[in-house]
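Architecture and fold: a report
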Amino acid sequence: MIELENVSYTYPHTAQPALDHLSFSLPKGRCIMVTGPSGAGKTTLCLAACGIIHHEYGGKKEGRVTLDGKDVATYGSLSEIARNIGIVFDDPEAQMIFTTVEEEILSALEHRGLEAAVIEERLATIMETCYLSELRNRSPHNLSGGQKQRVTLAATLALGNDILILDGPTAELDEHATRRIVGIIKNLKEQGKTILLVEHKYAHFRDVIDTLVIMEHGKIMAAGDPAGILEDEHFRRIVIPDFSKIKACAPAGIRPAAGSPTVPIVSVQHLSHSYGDIPALKDVTLEIQTGEFVAIVGENGSGKTTLVKHFNRLLSPTGGDVIVNGKNTKSCTITELARDVGLVFQNPDHMFFADTVKDEIAFGLMNLGFTDNDAIIDAALGDVRLLHTKALYPRWLSRGERQRLAIACVSAMKPSLIVLDEPTTGLDGDEAGLVMEILKGLQQKGHTVIVITHNPEIAQNCADRLIRMEQGRIVSDTRSGQVG
């Protein structure tokens, strides 16, 4: 149904092609999974396959893309192509424009010109299919990352397209929610839908996909039966992450000498927080010691991100107190807390606005009055293996490189505590392992590190301590040796 013939594409102001003489076929009724390192060209492949590059992007384009035998260049607009293809991008918030979950899905159904009774029936079915019934009246912008992803998928399914291009549909989802999405995709395949799936969670999808495609440097390096491809050690390392070696070589952290008095770097006392009438945190009490590497886990919407946003006062308590480095956050500004707490967002792109990598890091340093900034910038970029990118535009970097840049922006300001919300989202195995090695290195330098993650291997192999949350409460708290 979709055919790419010798397609090359180079983004404006770059020299390296994102797609390099790539040929690819997506047959009707098949599910093809595309994976590969960050910057391999996976998202660009999706943009080319649905005609967006041809109709919306500048840059250098070569080759031919056809949809149902018709060149995408001959379609009058993307709206015409959208009657055939539904797309879910890896940034769900960019696709949401309405004030409630229900309105997001209704807009897609109404776009099909259906009768009111049919719309109501399909709305209920899609809500149930994507497990959104309880969220129908919530603002999509106040949902967790995983919940937002389900809303975007539901709105796409509402269009009723026969071809679906899903770019990282489970990237921000916990294990339970991922299994739900796998079930949805399996059902869609059984309905005869044609699916192009960009994913890193091969183990979850291996019973659904017909063909595994591995990309590197804008090229397809392997395509075919997954079992055969994974016999190659190089491809296996890309597809299946291995964090087991990180803990073995990791430092224990910087902790006070035995017998010396300890003051927690974070003390959370009976913390509650509500979004309007919706309780997100319920009487949470917690202490985190200097030098710890803590993983916080739990299902989407369990309160993980809401909790850590209190550490730098992006959120203020509805009830209770948060003490960071001896300071009650209620009496501090965000700027004052920036010297104590650095927060790396789930989507690093939300942090970037400067024209170069160097300027991106320099902005925070200047705001806090640092001197000798060039040396600090070089050291921070060296820590994250990005010194060679100093003069580049941040958004030209791959997803993994942008994630590492976000870490450098925060670590350069030398906060005692670094908090990261899903730092390995959308990364291949090698890139995710590199990020975790960098974070263990920052722990060795004296930073306390808190990571929110849905990846059980990260929690088990990289953390000194694992905190599990459910429905706004801490339900378990285990130390190294007990984590498993």
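Since we're looking at a predicted model, the values are computed, not measured. (Residues numbered from 1 in each chain as written. Predicted model: local features only at pLDDT ≥ 70, side-chain atom pairs only at ≥ 80, totals over all residues. Heavy atoms only, no water.)

Counting secondary structure elements, the protein contains 18 helices and 20 strands. Computed over the C-alpha atoms, the radius of gyration of the protein is 23 Å, within 12% of the 23 Å expected from 2.2 N^0.38 for a compact globule of 484 residues. Its C-alpha atoms put the protein at 75 × 50 × 40 Å along the principal axes. Counting the 484 residues in the protein, one finds 53% classified as buried. Summing over all exposed atoms, the protein offers an accessible surface of approximately 20,600 Å²; the carbon and sulfur share of this is 49%. The protein carries 48 positive and 62 negative side-chain charges, and their two centres are separated by 3 Å. (Helix = DSSP H or I, 4+ residues; strand = E, 2+ residues; numbered from the N terminus. Rg over C-alpha atoms; globule rule 2.2 N^0.38 Å. Buried < 20%, exposed > 50% of the residue type's maximum accessible area, 1.4 Å probe, protein only. Areas by Shrake-Rupley, 256 points an atom, 1.4 Å probe, with all protein chains shown as cover. Lys, Arg positive; Asp, Glu negative; His and termini not counted. Charge placed at Lys NZ, Arg CZ, Asp CG, Glu CD.)

Bringing the packing of helix H14 (residues 357-367) against helix H15 (residues 373-383) into the picture now. Interaxial distance between H14 and H15 falls to 10 Å at its minimum, and their mutual angle equals 120°. Considering the angle they form, H14 stands oblique to H15. The handedness of the crossing between H14 and H15 is right-handed. Across the interface between the two elements, Val357, Lys358, Ile361, Ala362, Leu365 and Met366 of H14 pack against Asn373, Asp374, Ile376, Ile377 and Leu381 of H15. Its residues placed into classes, the contact of H14 with H15 shows 8 nonpolar, 1 polar and 2 charged. (Axes fitted to C-alpha atoms, helices over the stretch in contact; angles between N-to-C directions. Parallel < 35°, antiparallel > 145°, perpendicular 65-115°, else oblique. Left-handed = near helix turned anticlockwise from the far one by under 90°. Contact = heavy atoms within 4.5 Å. Nonpolar A, V, L, I, M, F, W, Y, C, P; charged D, E, K, R; others polar.)

With that out of the way, let us pick up H14. Within H14, burial applies to Val357, Glu360, Ile361, Ala362, Gly364 and Leu365. On its buried face, H14 is in contact with H15 and helix H16 (399-411). Immediately downstream of H14, the backbone of Gly369 shows phi near 75°, a positive value.

Our next topic: the packing of helix H4 (residues 101-111) against helix H5 (residues 116-129). Closest axis-to-axis distance for the H4/H5 pair is 10 Å, and the angle between their directions is 130°. It follows from the interaxial angle that H4 and H5 lie oblique. The two elements H4 and H5 meet at a crossing, and its hand is right-handed. Residues Val101, Glu102, Ile105, Leu106, Leu109 and Glu110 of H4 pack against Ile119, Arg122, Leu123, Ile126 and Met127 of H5. Residue classes in the contact of H4 with H5 are distributed as 8 nonpolar, no polar and 3 charged.

Turning to a nonpolar patch on the surface, a few remarks are in order. The grouping of Phe353, Phe363 and Met366 at the surface amounts to a nonpolar patch, some 340 Å² of accessible area in total. Along the polypeptide, Met366 turns up in helix H14. (Patch = residues over 30% accessible without salt bridge, like charges linked within 9 Å, V, L, I, M, F, W, Y side chains within 5 Å. Salt bridge = Lys/Arg side-chain N within 4 Å of Asp/Glu carboxyl O.)

Turning to its location among the elements, Gln147 is positioned in helix H6 (residues 145-158). Other than its neighbours up to four places away in sequence, Gln147 contacts Leu132, Leu135, Asn300 and Gly301.

What follows is about the environment of Asp340. As for its placement among the helices and strands, Asp340 is situated in the loop between helix H13 (334-337) and strand S16 (341-344). Between the C-alpha atoms of Asp340 and Glu470, which are 130 residues apart in sequence, the distance is 27 Å. Those residues within four positions of Asp340 in sequence are excluded, and the remaining contacts are Val324, Asn325, Lys327, Pro415, Ser416 and Leu417.

Across the two faces of strand S6 (residues 85-88) the burial is the same, with Ile85 and Ile87 and Gly86 and Val88 all buried. Here 4 bridges tie S6 to strand S7 (residues 163-167), and the two strands are oriented parallel to one another. Following the sheet pairing, Val88 is matched in S7 by Leu166. (Pairing = 2+ DSSP bridges.)

With that settled, the discussion passes to the environment of Arg465. Mapping Arg465 onto the fold places it in strand S19 (residues 465-470). Taking the C-alpha atoms as reference, Arg465 lies 9.6 Å from Ile288; in sequence the two are 177 residues apart. A polar contact is formed between the side chain of Arg465 and the side chain of Glu292, at a distance of 2.9 Å. (Polar contact = N/O pair within 3.5 Å; in protein donor to acceptor, adjacent residues only side chain to side chain.)

Looking now at the sheet that holds strand S14 (residues 319-324). With antiparallel pairing, 4 strands are arranged side by side in an open sheet as S12-S11-S14-S15. The sheet is open, and its two borders are formed by strand S12 (278-288) and strand S15 (327-328), each paired with just one other strand. The sheet contact formed by strand S11 (residues 266-275) and S12 spans 7 bridges and is antiparallel. Bridge pairing links Ser274 to Pro279 in S12.

Now for the sheet that holds S6. Ordered by their spatial adjacency, 6 strands build an open sheet running S6-S7-S8-S3-S9-S10, and the pairing between neighbours is mixed. Either end of the sheet is taken by a strand with one partner, and the two such strands are S6 and strand S10 (219-224). The average angle at which neighbouring strand axes cross in this sheet is 15°, direction not considered. Sheet analysis places strand S3 (residues 31-35) next to strand S8 (residues 194-198), joined by 4 bridges and oriented parallel. Bridge pairing in S8 places Val34 opposite Val198. Strands in contact with H6 are S6 and S7; relative to S6, the strand with the most contacts, it is inclined by about 175°.

What follows deals with the packing of aromatic side chains. We describe a pair of aromatic rings using the distance from one ring centre to the other and the angle between the two ring planes. On inspection of all chains with the given rule, the structure shows 3 aromatic pairs. Judged by centre distance (4.8 Å) and plane angle (85°), the rings of Phe353 and Phe363 are edge-to-face. Of the two residues, Phe353 is situated in the loop between S16 and H14 and Phe363 in helix H14; the sequence distance between them amounts to 10 residues. Taken together through their ring pairs, the aromatic side chains of Tyr9, Tyr11 and Tyr57 make up a single cluster. Lying across the ring of Phe293, Lys440 places its NZ or CZ 4.4 Å from the centre. (Phe/Tyr/Trp six-rings, centres within 6.5 Å; stacked < 30°, edge-to-face > 60°. Lys NZ or Arg CZ within 6 Å of the ring centre and 35° of its normal.)

These results come straight from atomic positions and should not be treated as a statement about function.
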